[in-house]
Amino acid sequence: MGVEPIFLTPVFKERIWGGTALADRFDYEIPSLQTGECWAISAHPHGQSTVAAGTYKGMALGTLWEQHGELFGRKQGADCRASGAVDRPFPLLTKIIDANADLSVQVHPDDTYAHAHENGELGKTECWYVIDCAPDAHVVYGHTAQTREQLAEMIARGEWEELLCKVKIAPGDFLYVPSGTIHALCAGTLILETQQSSDTTYRVYDYDRVDKEGNKRELHLQKAIDVTTVPHVDGTDARSEMPFSGGTVTTFVENRFFTVQKWTVTGELPLTQDEPYMLVSVIDGKGQLTCDSGMYPLQRGDHLILPHGFGAFTVSGQLEAIVSRE
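Residues numbered from 1 in each chain as written. Predicted model: local features only at pLDDT ≥ 70, side-chain atom pairs only at ≥ 80, totals over all residues. Heavy atoms only, no water.

Participant: What is the right way to look at the sheet that holds strand β12 (residues 174-177) in this model?
Facilitator: Strand pairing in a sheet is mediated by backbone hydrogen bonds. Such pairs are either parallel or antiparallel. The strand order across the open sheet formed by six strands is β2-β3-β7-β14-β9-β12, and the pairing between neighbours is antiparallel. Across the chains shown, the open sheet's two edge strands, defined by having one partner strand only, are β2 (11-19) and β12. Averaged over all adjacent pairs, the angle separating strand axes in this sheet is 25°, with direction ignored. With four bridges joining them, strand β3 (residues 35-41) and strand β7 (residues 92-99) adopt antiparallel strand pairing. Paired with I41 across the bridge in β7 is T94. (Pairing = 2+ DSSP bridges. Helix = DSSP H or I, 4+ residues; strand = E, 2+ residues; numbered from the N terminus. Axes fitted to C-alpha atoms, helices over the stretch in contact; angles between N-to-C directions.)

Dropping the structure here:
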């Protein structure tokens, strides 16, 4: 009997800018008509995925990470404690985000700043794969300030049109968003986000809107100015494609934070999981995964982990998946 894939049950977050696309597109049972985020593969304490079936059914991903490190290629017992790995949090978080309205303009800190100012939290470098968007959709990505002083002055004067850079997007686009990048998803956008496992966000501008109690959301201007990269630097796009007889593997980014790929399956795609673990999110279509432990159906909206020692397997059918690893 081989190693089993670990299917996960997501957590959903209501947001002032959320909508119903997570239900409309993926048939998820969402908590309200303003559901903005699906925390699909998450061990963050603010929202943990749980194992959907199998040996570890019902276990939170964070608990699985701590108690069964062998599934992730981690040391165990005394060796783990000696290396300090026992205290290391699960490093990645996969979300699907429904931007039914504009998100706040924001920026995230790096590891050093977050550790010092946010109780040891990780920084937040992230990336976006555009699942779908309106024909005229765009995102905020970057700024025009040339010095930190100029950035602070333009923010203080509310010169948003002059300060913020807008980038048109289309389905299938990929954007790398390093920590320090001023950014915002805008209305009519559905994306899959791969990020460091962090929930630290510094809001720069929120369009002066109010919540259902009539209150404006908090801004974090000094911290945002502190961490923003000035001048702005675009994230590197290192896209490469590897064709196979049954599909294509596209690598979008590969760095010290994560590697992110897209599997486009058009028949039978033979693959090997020889990493410590892989995170897989099916964003379209359906098919099946066949491995030593059996055959597992896959469909749009499924999220799973291929654990350490998974080995050779085949994905067949007609589907698209976003895959990440450390």
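Participant: Would you take a moment to explain the state of the cysteines for this structure?
Facilitator: Simply put, disulfide is the name for a covalent bond between the sulfur atoms of two cysteines. For the coordinates displayed, the defined rule picks out zero disulfides. Here C133 is not cross-linked by a disulfide; its sulfur's nearest cysteine counterpart is in C186, at 11 Å. (Disulfide = S-S within 2.5 Å.)

Participant: Explain the pairing of strand β21 (residues 294-299) here, please?
Facilitator: Look at any regular strand and the pattern is simple: side chains alternate between the two faces of the sheet. Judged from the six bridges that link them, strand β20 (residues 278-291) and β21 form a sheet pairing that is antiparallel. Considered in β21, the bridge of G287 is made with L298. Where β20 hands over to β21, the hairpin turn is made up of two residues, counted between the paired strands.

Participant: I would appreciate a short explanation of the layout of surface pockets in the present structure.
Facilitator: It is a probe the size of a water molecule, rolled over the atoms, that shows where empty space is left. The computed volume of the largest pocket comes to approximately 430 Å³. Forming the walls of the largest pocket are 23 residues, and the residues nearest its centre are R15, W17, E37, T201 and R203. Mapped onto the lining of the largest pocket, the elements with two or more residues apiece are β2, β7, β9 (126-133) and β13 (183-185). Top contributing element to the lining of the largest pocket by residue count: β2, with four residues. Within the lining of the largest pocket, the residues separate by chemical class into seven nonpolar, six polar and ten charged. By volume, the second largest pocket is sized at about 270 Å³. In terms of lining, the second largest pocket is formed by 18 residues, of which the most central are A43, P45, E66, P89 and F90. Top contributing element to the lining of the second largest pocket by residue count: helix α2 (residues 61-67), with four residues. When its residues are assigned to classes, the lining of the second largest pocket shows seven nonpolar, seven polar and four charged. (1 Å grid on protein atoms, 1.4 Å probe; cavity = no way out; pocket = protein on both sides within 12 Å on 5 of 7 lines; lining within 4 Å. Points joined across faces, edges and corners; volume = space filled by probe spheres on them. Nonpolar A, V, L, I, M, F, W, Y, C, P; charged D, E, K, R; others polar.)

Participant: Quick question: what am I supposed to make of empty space enclosed by the protein here?
Facilitator: A complete count under the given rule lists one cavity of 30 Å³ or more for this structure. Of the voids in this model, the largest cavity is the one considered here, and its volume is about 40 Å³. In terms of lining, the largest cavity is formed by W263, V280, V282, L289, L298, V315, L319 and A321. Those elements that provide at least two residues to the lining of the largest cavity are β20 and β23 (311-325). Of the residues assigned to the lining of the largest cavity, the class counts are eight nonpolar, no polar and no charged.

Participant: Would you mind going over the packing of aromatic side chains with me for this structure?
Facilitator: Here the distance between the centres and the angle between the planes together describe a pair of aromatic rings. All told, the structure shown has 18 aromatic pairs when counted by the stated rule. Centre to centre, the rings of F12 and Y28 are 5.1 Å apart; their planes meet at 55°, and the pair counts as tilted. Placement of F12 in strand β2 and of Y28 in the loop between α1 (21-26) and β3 is noted, with a sequence separation of 16 residues between them. Measuring from centroid to centroid gives 4.5 Å for F174 and F252, while their planes differ by 5°, and the two rings are stacked. Of this pair, F174 sits in strand β12 while F252 sits in strand β17 (residues 247-254); the two residues are 78 residues apart in sequence, bridging distant segments of the chain. Overall, the relative accessible area of 1% leaves F252 in the buried class. Seen from the ring of W39, K13 lies directly overhead, with NZ or CZ sitting 4.7 Å from the centre. The positively charged end of R74 is found above the aromatic ring belonging to W65, 4.1 Å away from the centroid. (Phe/Tyr/Trp six-rings, centres within 6.5 Å; stacked < 30°, edge-to-face > 60°. Buried < 20%, exposed > 50% of the residue type's maximum accessible area, 1.4 Å probe, protein only. Lys NZ or Arg CZ within 6 Å of the ring centre and 35° of its normal.)

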